[in-house]
Amino acid sequence: MIQDFITIIQDYWLLLLIGQYPNGPLGGLANTLILSALAIAFAFPVSILMALARLSKWWFLRWPMTALVYVTRGVPLLMLILWCYFVIPLWTGADVPSFLIMLVTLVIYQGAFLSEVVRAGIVSLGQGQMDAARALGHGYMGAMRFVILPQALYNMIPSMISTFVSTIKDTTLGYVINVPDLTFAASQVNNQLLTQPFQVFLILALVYYILCWSLTYVANSVERRIARRRAGPRNARLPAEAAPLKTITEQL
Amino acid sequence: MSTLVSEPQAAQAIRIADVCKSYGDYQVLKNINAEVARGEVVVICGPSGSGKSTLIRTVNRLEEINSGGISFEGQDIHAPMGASELNKLRSRIGFVFQSFNLFPHLSVVENVSMSPIRVKGVSPAAAHDKALKLLDRVGLADKANSYPGQLSGGQQQRVAIARALAMEPPVMLFDEPTSALDPEMVGEVLSVMKSLAAEGMTMLCVTHEMGFARDVADRIWFIDAGEILETAPPEDFFKNPRHPRAQRFLADLRH
Ligand SMILES: Nc1ncnc2c1ncn2[C@@H]1O[C@H](COP(=O)(O)OP(=O)(O)O)[C@@H](O)[C@H]1O
Ligand SMILES: [Mg+2]
């Protein structure tokens, strides 16, 4: 049994690591890492913009973004992937690589989820911080940038980590549109061996587990470092009876 | 509105004219008329829920009003204006909150220097030096690199005063600056406020500290149920309050 795992890894480690590269497209774990990193890197700023749009006083930003967030959150990711897979090439008329389609879908999907987290983080901060910033002469966007968001995002680190972890897990769904990632490579290995699906997919599961766990570990230690610097215990972050922050009337 | 014509050299720092404000059907401010002269220290007192916070927050437009006008150094602060113009006006009115509202993610010296840098465009080095001087002035030079969460309430409120002063406002507004403090910390905040008054700062303070009002104020405004019922120098107000509700308020305070 253990011997099976060792043999599979010895025979196929390069395929699992980088896919067909350099004879074919880059794949395997390398591609999974790149896809996850890009999806997280784009979903994060996109989610902040989506949250600010949902809190905007302008209906033409607020309404479409609210609709987008509701639809995205109410639809299975797999539907969204298939939909983008068929619609994006139709709209653009170009042959868009499946990697890019997967990336765009993940950014929209995770961005929508994360934007709700960011929005809750902003509102739950309470009115006092915005009042203090405005009284000092900061504009709405300046107050957001220098006062509100640094605190809201910090308070949201735990929820952000779980969204990032699910982003990594969701990259596996790229399988259905042939994104050559780690899952795709494992399935190729399985197709060649035919007799050892349990071993192959257990290796796959272990790798994803290690990936997600390391991300959680790193994020938690970053959070602890910030908390220690400010010497504030976690539960001292939110004022006890803060009135929700008014975001619309603050934007003159 | 004709009383609010722009006079750049207006003798009044703040002039409140016919201000009314309602929350829905509930009228919080009823036709308020009052003035604060340059260099004057005014204490607003009155029962809880009478509209003191609402009134003082309309002065830098943290609250909107329904009618009337408020001029600050001759400029109508509630006139329609662009956001940047309002921000500029606001940056010249210091505001100290009951709940301090320091920025917990910034160190003490960053709390004080951030707005001069970001709003006024002061160089970081100059803003830092100024912040250290102000912290020294409120007796907290040694706390410059602490975070707000590490300070006592009295220390936080003194940082909040330094933070407001860093914008070099000609006018300071205080909304019950000592009400959230433990009794032993009230004195340290009041003594900073006293020294500010002694330097000629124009101040409008909501406070229940009647000792401070007696010693420091030039004038008391007594407000009840959204109306200013009496304005008088402290010696008159405390000895011979004219309005029956002011008499009752002072009697209640003494018990
Ligand atoms: N945002 C609000 N919405 C509705 N009513 C309010 C609001 N803020 C204050 N009030 C009411 O206005 C009145 C005056 O409040 P406030 O100015 O805070 O009084 P004070 O500072 O004198 O205690 C109170 O009755 C209060 O309940
Ligand atoms: Mg009040």
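Because the structure is predicted, anything quoted here is derived from the model rather than measured.

Counting its regular elements, chain B contains nine helices and ten strands. The C-alpha radius of gyration computed for chain B amounts to 18 Å, which stays within 12% of the reference 18 Å derived for 255 residues, consistent with globular compactness. Considering only intrachain contacts with a sequence separation of at least 6, the fraction spanning at least 24 residues in chain B is 65%. In the form shown here, chain B has an accessible surface area of approximately 10,600 Å², with 48% of it arising from carbon and sulfur atoms. Seen as two clouds, the 26 positive and the 30 negative side-chain charges of chain B have centres 2 Å apart.

As a further point, take the state of the cysteines. Cysteine pairs can be linked by a disulfide, which is a covalent bond between their two sulfur atoms. Residues and elements named next belong to chain B. Using the criterion set out here, one finds zero disulfides over all chains in the structure. There is no disulfide at cysteine 205, and the cysteine sulfur nearest it, in cysteine 45, is 12 Å away. Residue classification places cysteine 205 among the buried residues on the basis of a relative accessible area of 0%.

With respect to the helices and strands, B:Glu184 occurs in helix H6 (residues 183–198). Placed 30 residues apart in sequence, B:Glu184 and B:Gly154 show a C-alpha to C-alpha distance of 8.7 Å.

Residue and element names in this part refer to chain B. Near ligand 1 the following residues occur: Tyr23, Tyr26, Val28, Pro47, Ser48, Gly49, Ser50, Gly51, Lys52, Ser53 and Thr54. Glycine 51 is positioned with one of its backbone polar atoms (N or O) 3.1 Å from an oxygen atom of ligand 1. Measuring from an oxygen atom of ligand 1, one finds a side-chain N or O atom of threonine 54 at 2.5 Å. Counting only elements with at least two residues in the shell around ligand 1, the list comes to strand E2 (26–37) and helix H1 (52–59). At three residues, the largest contribution of residues to the shell around ligand 1 is made by H1. For the shell around ligand 1, the per-class residue count stands at four nonpolar, six polar and one charged.

With that settled, consider the UniProt feature "transmembrane region" (unreviewed entry) in chain A. Here the UniProt-annotated "transmembrane region" (unreviewed entry) positions come out as residues 33–55, 67–88, 100–122, 143–165 and 198–220 of chain A. The distance separating the terminal C-alpha atoms of residues 67–88 of chain A is 20 Å; by composition the span is 91% helix and 0% strand.

Let's shift gears to the domain arrangement of chain B. Residue and element names in this part refer to chain B. Annotation of chain B at the domain level lists domain 1 (10–29 + 37–80 + 173–254) and domain 2 (99–169). Placing a centre on the C-alpha atoms of domain 1 and another on those of domain 2 gives a separation of 25 Å. Contacts between domain 1 and domain 2 engage twelve residues on the former and twelve residues on the latter. For the pair domain 1 and domain 2, the summed buried area comes to about 940 Å², and 71% of that belongs to carbon and sulfur atoms. The interface formed by domain 1 and domain 2 contains two salt bridges. A salt bridge links arginine 158 to glutamate 188; its shortest N-O distance comes to 2.9 Å.

Before going further, it helps to examine the UniProt feature "domain: ABC transmembrane type-1" (unreviewed entry) in chain A. According to UniProt, the feature "domain: ABC transmembrane type-1" (unreviewed entry) maps to residues 29–219 of chain A in the numbering used here. Segment residues 29–219 of chain A splits into 83% helix and 0% strand. End C-alpha atoms: 21 Å apart.

Residue and element names in this part refer to chain B. Reading across from one edge, E6-E7-E8-E3-E9-E10 is the order of the six strands in this open sheet, with mixed pairing throughout. Of all the strands in the sheet, the pair left with one neighbour each is strand E6 (93–96) and strand E10 (227–232). Across the sheet, the axes of successive neighbouring strands diverge by a mean angle of 15 degrees, strand direction being ignored. Of the pairings in the sheet, the one linking strand E3 (residues 41–45) to strand E8 (residues 202–206) comprises four bridges and is parallel in character. When the bridges of E8 are listed, valine 41 appears paired with methionine 203.

A pair of packed helices can be characterised by two numbers: the angle between their axes and the separation between those axes. Residue and element names in this part refer to chain A. It is the contact of helix H3 (residues 59–74) with helix H5 (residues 98–123), at a shortest axis distance of 9 Å, that shows an interaxial angle of 110 degrees. The angle between the axes of H3 and H5 places the two elements in the roughly perpendicular class. With respect to the hand of their crossing, H3 and H5 are arranged in left-handed fashion. Counting all contacts with H3, which are made through Val69, Thr72 and Arg73, the residues of H5 involved are Ile108, Tyr109, Ala112, Phe113, Ser115 and Glu116. Grouping the constituent residues of the contact of H3 with H5 by class yields five nonpolar, two polar and two charged.

Once that is clear, we can look at the interface of chain A and chain B. With 20 residues of chain A at the interface, the matching set in chain B holds 27 residues. Buried surface at the junction of chain A and chain B, summed over both partners, amounts to about 2,100 Å²; 58% is from carbon and sulfur atoms. Its salt-bridge partner being A:Asp131, residue B:Arg57 comes within 2.9 Å of it at the nearest N-O pair. If you look at where chain A meets chain B, you find six residue pairs in polar contact (both at pLDDT 80 or more). Looking at the side of chain A that touches chain B, the elements that each hand over two or more residues are helix H6 (127–135), helix H7 (140–155) and helix H10 (197–230) of chain A. The residue inventory of the side of chain A that touches chain B, partitioned by class, reads nine nonpolar, six polar and five charged.

This part takes up the UniProt feature "domain: ABC transporter" (unreviewed entry) in chain B. Under the UniProt annotation, "domain: ABC transporter" (unreviewed entry) lies at residues 14–250 of chain B. Helix makes up 39% of residues 14–250 of chain B and strand 26%, and the two end C-alpha atoms of the span are 27 Å apart.

Of all hydrophobic cores here, the largest spans 56 residues; its most connected members are A:Ile122, B:Ile14, B:Ile16, B:Leu173, B:Leu204 and B:Trp221. In terms of residues, this core owes the most to one element, H7(A), which gives nine residues. The two domains that each donate at least three residues to this core are domain 1 (10–29 + 37–80 + 173–254) and domain 2 (99–169) of chain B.

What counts and how
Residues numbered from 1 in each chain as written. Chains lettered and ligands numbered in written order. Predicted model: local features only at pLDDT ≥ 70, side-chain atom pairs only at ≥ 80, totals over all residues. Heavy atoms only, no water. Helix = DSSP H or I, 4+ residues; strand = E, 2+ residues; numbered from the N terminus. Rg over C-alpha atoms; globule rule 2.2 N^0.38 Å. Contact = heavy atoms within 4.5 Å. Areas by Shrake-Rupley, 256 points an atom, 1.4 Å probe, with all protein chains shown as cover. Lys, Arg positive; Asp, Glu negative; His and termini not counted. Charge placed at Lys NZ, Arg CZ, Asp CG, Glu CD. Disulfide = S-S within 2.5 Å. Buried < 20%, exposed > 50% of the residue type's maximum accessible area, 1.4 Å probe, protein only. Near = heavy atom within 4 Å. Polar contact = N/O pair within 3.5 Å; in protein donor to acceptor, adjacent residues only side chain to side chain. Nonpolar A, V, L, I, M, F, W, Y, C, P; charged D, E, K, R; others polar. UniProt positions renumbered as here; feature names shortened; annotations may be inferred. Domains from an automatic or database assignment. Buried area = accessible area lost by both parts, 1.4 Å probe. Salt bridge = Lys/Arg side-chain N within 4 Å of Asp/Glu carboxyl O. Pairing = 2+ DSSP bridges. Axes fitted to C-alpha atoms, helices over the stretch in contact; angles between N-to-C directions. Parallel < 35°, antiparallel > 145°, perpendicular 65-115°, else oblique. Left-handed = near helix turned anticlockwise from the far one by under 90°. Core = buried A, V, L, I, M, F, W, Y, C linked by side-chain atoms within 4.5 Å.

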